Each structure stands twice: as structure tokens, then as C-alpha cells.
Amino acid sequence: MANGVYHTKYGIKINLTHEDLGHEDRPGLLDEITRSVGERPRDLLQCLQDYRGNSCECAQADKSPWMFVRRQRRGGRLTLVAAHLPMTHVATPQESDKHKEMKERIARTASRHGLDVQVEARSPDRRIVTDVLVSGPAARVGWEAQYSPISASTIHRRSAHARANGIAPLWITGDPASTLIDRAPWARVDDVPWQRIVSPLAMIVRGGVRHLQIWKCTPASERPCPETGQACGRFHSGWFLPALCVPEERSTALDELVVTSADGEHLPLRIRDRSGSRRVSHLWALAADVRRWYELTGKTDAAAEAPPDDEETLSFTQEDLDGTCRYGEEGTFVSDPRPRRELTSATGLQSFDHIDDIRRPQSRPVRLRLTENERRVIAAELRCPPWEIGPCMLCATPIHRYGPRSPLACTACRSH
């Protein structure tokens, strides 16, 4: 790691410990040097020691003299440091296979449900390529399958660029500690091999989708008071994972989210921490829940789509520029672990003295169309006969049937 780099285009030395990087006449310099390598020349930033013609230890470890700038926690503060790029910068075969098959699955699901699909869709200015762009009657959703490391600044920049082009970004990952979590609208599935991704079996969204819960804080309440721990008599609301809802909500499948995000059944929501800090949470929720939340809090759609903030502010220590490359010195520049968020608790908690109607609005269920072969595969996985939808013989209501012994009438008709 180094606290400075050489800018090959401008021919200047950059001090990463100064807020103006040592060049107050270049206000856009920070954004330029923190772009991902795929969005700027690879040889834009050079190791200062290599620039001065001195040998660098990086050459013995298959590293190039070219650098990239990233954020690093040191002593509880977030700082900028420069690090060497590898000789080649490509995803591992496993990451490439998962990325490819996730894009294929999203595109196949959207196409099967009559949605417009573009794979590797390029923005009008040709600067950003979206993995899969799904266009539906309510929204254009830009899916980004992220199975390799990515910087927070890249996530923010790409998400802001998508919004500017009328696209709702949706980042999908299999890593519970991924950098993208809560930095943009996101969803997490299990980290499974590419063969499982390409299969017709359901993939459940484990994080990123929540449900609105509203309750009165009484001694009989199933939830403790989020403010005092004891019954306060007020009303509370918050966003919970399906398993923590009362009663428990149905989990959302990935294929379902592909359809509902474009149809407007699920909407992105951005919630700032009620403590007044810069921390925000991003989530997807049923449209009815989002509308109800707006009614309760007085928020608007514009507030939910505001550009995201960094959850931490950069610190600049005003040190002298050090041209010595310390690559290979173990233990000197180890980054502090990223603070883990508590993803099992509620987010966006609010309290009210009075609520007119606490009934949770209902949204229509989404029925995904499956082929006969997909039904047989799922039935074999669950060890049950394939199900089909047929009319009730008395009222014609669609009902599920599981083989020849299934009832021919719906529950309502059988009860009479």
C-alpha cells in the first residue's frame, strides 16, 4: 500500500492523505482516480517508486506497476490507499460461470413472462453496460449479477447512472458480506454452483426483500418495544424479513422478483436510519406496503430514489507524500474488518401515537407459469406428484390438483 500515486495522463503526483489530493485546481480528480479499472485506462496510475526508476517488490509477485485506489479502514477511520493491480485482472472460472448463468436465468425468466429483455444493454452514452435490462409495464430494471469483488464507489456511480437513464438498479449476489449490500437496491440468494443456478429449481431471496409490520405496543404484543423494551401503548412499524413477520410471510423467489420488480408488484425503497446517522438501508417491498409506509411517514417516491450517500466519511491525515512502495510488508496495512450490519432485526423502525387503520394491505399473489417439464422436475425434488391448476367443479375457482386423488372442489365449496 502507498499514500501516493503518479498520474500518467496529467504527469502529477497525487497525495491520498490530502483532501484536495495535493491539487486544489482539479476538483474532479478524486472521482476520476477511484473509478473501476474497467472504466478508465489501466495504466492511468503508476507506483511512485517504479516511476522514479527504482525496483519494486511487486515485480516478484506477479503484480504490475499500475495502481488502483480504494478505501481502507485504519484505526477506525476510512482512508484512501493505493494498491498494485495484478498482471491480469479477470474473474475466476467459478465467478464467470455463476455470473453467466445468473444472467441467463434472469433473461430466460423475464422472456418467459412476456417482458422485454436486453442482455449486456449499453447506456446511450456507451459508458455503462447493464448485465440484464428487463422492461415491464411499470419499470425498467437493470439487473447486475455480482459474483466478484467491487468497490463501493463503483456501486454508487453505476446505480446513479442507471437512475439517470430511467432504470431501477437491482444488484444480485450470493455473498452475505458483499460490498453492495445496502449501498444500492439489492437481493441475495444462496451461493450455489452454476449448475444449481441454471436448473429450474427455485432460488429463494434470502436478503434484500422485506415486509412492513405495524403493531400496537401492549403487554400482550408478540414483539418487545423497540424504544423502551416494555409496553409503551404506542404504535410501531418496521421492515422485517419474511421469517420474522407475525404471522410469518412467504419468502420471495428470485424468478418471482424478476417479474414483480418490472410489473410494479415490488418497489425499491431507501430508508435512512432513524438515529439521524448517514447510514441507509435499501430494500425491495410489496407496492402496497410501500404506499402504506409513505402514508404513515409522509415520505415520497422522490425521497426513496435520492442518490445514495456513503455510510462513512473519508478521513484525510495530511501526511507528507511518501514515495516508498511498501508492497510485501506483512501486517503493516491490514484493513480493519467492515462493520457487519444486523440483517436479522427490523429496519426503518418508526413510532406513532395513533394510527387510523393498522390492517396490512394485501397484494395480489403472483403466479409464475411453469412448463410441464419444470413441474415434473420440481415434483421429483419435493417427492410428490406433479400439480396442476384446474377449475372447481362447482364454482369454477382455479384450484391446485396433485394427482387423481386430489379434491375436485375448492375448500369453500367442500365446507358447505
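We now turn to the structure provided with this report. In this text, all values refer to a predicted model and were calculated from it rather than measured experimentally. Sequence order as written defines residue numbering, which begins from 1 separately in each chain. Local features in this predicted model are restricted to residues of pLDDT 70 or higher, and side-chain atom pairs are both shown and tallied only at a pLDDT of 80 or more, whereas totals for entire chains, interfaces and linings draw on every residue. Calculated side-chain values reflect all of the structure's heavy atoms, with hydrogen atoms and water omitted.

A short note on the packing of aromatic side chains
Here's step 1: Aromatic pairs are defined between Phe, Tyr and Trp rings, using the six-membered ring for Trp, whenever the two ring centres lie within 6.5 Å; interplanar angles under 30 degrees are classed as stacked, those over 60 as edge-to-face, and all others as tilted. What the rule picks out here adds up to four aromatic pairs.
Here's step 2: Between the aromatic rings of Y6 and Y51, the centroid separation amounts to 3.7 Å while the plane-to-plane angle is 15°, which identifies the pairing as stacked. Placement of the pair is Y6 in strand β1 (residues 4-7) and Y51 in helix α2 (residues 48-51), with a sequence separation of 45 residues.
Here's step 3: The cut-offs for exposure are 20% and 50% of the maximum accessible area for each residue type, with area from a 1.4 Å probe on protein chains only; residues under the lower value are buried, those over the upper are exposed, and the others partly exposed. For Y6, a relative accessible area of 12% puts it in the buried group.
Here's step 4: Ring pairing ties together the aromatic residues W239, W293 and Y294, which thus form one cluster.
Here's step 5: A cation sits over an aromatic face here: R26 above Y10, 4.1 Å from the ring centre.
Here's step 6: The ring of W215 has R223 sitting right over it, with the charged end atom 5.3 Å from the ring centre. By definition, any uninterrupted DSSP run of H or I lasting at least four residues is a helix, any uninterrupted run of E lasting at least two residues is a strand, and each is numbered from the N terminus. For a Lys NZ or an Arg CZ to count as sitting over a ring, it must be within 6 Å of the ring centre and within 35 degrees of the ring normal.

Remarks on the sheet that holds strand β12 (residues 235-240)
Here's step 1: A pair of strands is treated as paired once DSSP finds two or more bridges between them. Read from one edge to the other, the open sheet built from three strands follows the order β11-β12-β15, with strand pairing classed as antiparallel. Edge positions in the sheet fall to β11 (211-216) and β15 (347-352), since each has one partner strand and no second. Across this sheet, the average inter-strand angle for adjacent strands is 15°, counted without regard to direction.
Here's step 2: Here four bridges tie β12 to β15, and the two strands are oriented antiparallel to one another. Residue pairing across strands places H236 opposite S351, the latter belonging to β15.
Here's step 3: Pairs of residues are marked as contacts when any of their non-hydrogen atoms sit within 4.5 Å. Each axis is a line fitted through C-alpha atoms, and for a helix only the stretch in contact is used; angles between axes span 0 to 180 degrees, taken between their N-to-C directions. Contacts from helix α7 (residues 287-297) reach β11, β12 and β15, with the element oriented near 45° to β11.

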